[in-house]
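Coordinates in review
Here are the chains, one letter per residue:
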Amino acid sequence: MNRNSITATLPDSFSWKRVAAIAAYYSPYTGRQLICYLAVSLLFAILILLPSGEVAQLGLYTTIWACIPLLADFAPIMLAKWGDHRIVERLIPARASEKYIFYLIYFMIVIPASVYLIPLAACRLYMEIPAIQSPMLNEINAMQFTVAPLLRTLNILCASSAILTCLYAMIHCGTSRIIKGVLGVFAVKVAVGIMGAVYGIATVVKSGFIDGINANDKHQISAQSQEMMINAMTENTPYLATMLTILGIYVIVMLWLIYRDLKQRNL
Amino acid sequence: MIELKDTGFSYSRKGVPALSGVTAIIPPGIHLLAGENGAGKTTLLHLIAGISRPTEGECLIDGTPAASDNPSEIRRAFLLEENMKFPGKTIRDFAAMHSRFYPGFSQEAFISNLMAFGLTGDEPMKSLSLGNRKKAQLSYALALGTEVLLLDEPTNALDIQSKEILRRLLANNLDDRQTVIVATHTVTELDTLFDGAVMITRSRLLFAATEEAISARLAFRVGRVPDPEEIYSEIQIGRVLGITPASEDEEPTRVDWRLLYSALHSPQRDSILETLRKTES
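Residues numbered from 1 in each chain as written. Chains lettered and ligands numbered in written order. Predicted model: local features only at pLDDT ≥ 70, side-chain atom pairs only at ≥ 80, totals over all residues.

**Looking at the pairing of strand E7 (residues 148-152) of chain B**
All names here are of chain B. Within E7, five of the five residues are buried, which leaves it mostly tucked inside the rest of the structure. In E7, alternate side chains face the same way, and those of Val148, Leu150 and Asp152 on one face and Leu149 and Leu151 on the other are all buried. Of the pairings in the sheet, the one linking strand E6 (residues 77-80) to E7 comprises four bridges and is parallel in character. Of the residues in E7, the one forming a bridge with Phe78 is Leu149. Looking at chain direction, E7 and strand E8 (residues 179-183) are connected through five bridges and run parallel. Pairing of Val148 across the sheet is with Thr179, part of E8. This β-α-β element, E7 to helix H6 (residues 160-173) to E8, shows right-handed connectivity. (Buried ≥ 20, exposed ≤ 12 C-beta atoms within 10 Å, placed from the backbone. Helix = DSSP H or I, 4+ residues; strand = E, 2+ residues; numbered from the N terminus. Pairing = 2+ DSSP bridges. Right-handed = clockwise from strand over helix to strand, strands pointing away.)

Laid out in structure tokens, this is it:
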């Protein structure tokens, strides 16, 4: 009898101990990935706090917040990076629900937390250090922490749809998994971008500031216009509700497809 | 015991079936799975391992479907494919994480198997040659203690000495309740171990039987001249290998698996199968 076995005495019903054993099975890869991700997010945090000119700071800020979601979106590629282990993974004697829970906790909670939390903390800290602040970034940062709940939900759904698409490609596809995962994420990003553009145009047209704002204080304009835009977007309920519904359905379908693949164990 | 009841599998709904109408009972023991390229051997292994679900019929292990979501049923079978890669830096690292799911795993047997192959288990997997990687994987798979062990071309890339070691390990590591299915094209390398065979061709089962059942029906002879009763014969340098219907008065002969395989892929196939079935009825 294997003295190392944690599963021998466990019943066939769902078990958190088996989820932990699955996490331990993946730990050589997840550990390495988490260390890399934490190092990158720490680097991003340092760059956010680095005193530099306003233009450079804005450029850095934009680049960093464009890269962070991509890190989370492509995290499931870890499953394919070391070759095709799908047979070994499929043969692991654990319930589909246990594997599913592990994937969701790791890719939807642990990974986003590892990439978002440190830069967000850096943004918060930035607002507390007047010596390095630029008025425009300060306003943008402040808005990040005061986004309306509906827009925050929209952001979460956008991020989830990209992560789940990549995860589905890793679990479902037999060949060219990395390419398919990357293409899938870009397809989702393009679709969300198009929906966002339509939403933005509709909001601008509806809100009546299509001609733009003419003023001398550009910092003030930028912060003001962003705030106005965001307020207008949350008020544009039918479009927001449509986007939320479409993305919500997509996320549910992806969650179901991933579970179905794990449950069927089909290669 | 593995039961295949009219089992079939298609990769797509309208596609040509990769396997069709396979009905067989495979009892514990070491069984040869043979067939030409694309015959459906790997598909059959996937069905028994539970990583493909039959699109027709059933595939059962001890009366319950091989494709199950219950951990106690999934861990009954392990498949070692030809070019399979195990994650982990070393085979020991992999075993430490993976064997936790297998209560029948024996660390002692694992180490002993590795040593038999001249490995320590601490060699980085990436730097191992194909043959040495195969040895490390076989050492692990044989120590898992699963009820069903499926080996796809286990001797490929192994040197002559390692093939002999594998033969010894297979004979020593297994107990009476285990079923091992060895899919291979090189039938002769493990031929003394086989207790039975499953032979398939073009997605269909030719036959599945134990060595005892085959030798009760067919006799495998070696002579200088062809036997007049021979259903199939091959002329080699200085000798003739032949298959004749077995006689009740004679002692059963050892099954020559390679010769049987060749006979079943020759124009005499129907005569061989007819003889097998005639005696059956």
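Still more ground to cover, so stick around.
**Details of the domain arrangement of chain B**
Residues and elements named next belong to chain B. Looking at chain B, the domain boundaries give domain 1 (2-202) and domain 2 (211-280). Relative placement of domain 1 and domain 2: their C-alpha centres are 29 Å apart. In this assembly, 11 residues from domain 1 lie in contact with six residues from domain 2. Elements with a minimum of two residues in the side of domain 1 that touches domain 2: strand E3 (29-34) and strand E9 (196-201). Ranked by residues supplied to the side of domain 1 that touches domain 2, first place goes to E9 with three residues. Taken together, the residues of the side of domain 1 that touches domain 2 sort by class into six nonpolar, two polar and three charged. (Domains from an automatic or database assignment. Contact = placed C-beta atoms within 7 Å. Nonpolar A, V, L, I, M, F, W, Y, C, P; charged D, E, K, R; others polar.)

**Notes on helix H2 (residues 54-73) of chain A**
Residue and element names in this part refer to chain A. Between its terminal C-alpha atoms H2 stretches 29 Å, which fits the 28 Å expected from 20 residues at 1.5 Å a residue. Gln57, Tyr61, Ile68, Ala72 and Asp73 are the residues of H2 that are buried. Down the axis of H2, the smallest arc covering the buried residues is 155°, so these residues share one side. Along H2, exposed side chains directed more than 90 degrees from the buried face belong to Val55, Ala56, Gly59, Thr62, Thr63 and Ala66. (Expected span 1.5 Å × (residues − 1). Arc of directions from axis to C-beta.)

**Description of the sheet that holds strand E12 (residues 232-236) of chain B**
Residues and elements named next belong to chain B. Spatially, the three strands line up as an open sheet ordered E11-E13-E12, and their pairing is antiparallel. In this open sheet, the two edge strands, each paired with only one partner strand, are strand E11 (218-223) and E12. Across this sheet, the average inter-strand angle for adjacent strands is 15°, counted without regard to direction. Pairing geometry for E12 and strand E13 (residues 239-245), over five bridges, is antiparallel. What sits directly across from Ile235, in E13, is Val240. (Axes fitted to C-alpha atoms, helices over the stretch in contact; angles between N-to-C directions.)

**Some thoughts on the interface of chain B and chain A**
For interface size, the figure often reported is the accessible area lost on association. Across the contact, 33 residues belong to chain B and 31 residues belong to chain A. The set of elements that each furnish at least two residues to the side of chain B that touches chain A consists of helix H1 (41-49), helix H2 (71-74), E6 and helix H3 (91-98) of chain B. Its residues assigned to classes, the side of chain B that touches chain A shows 15 nonpolar, 10 polar and eight charged.

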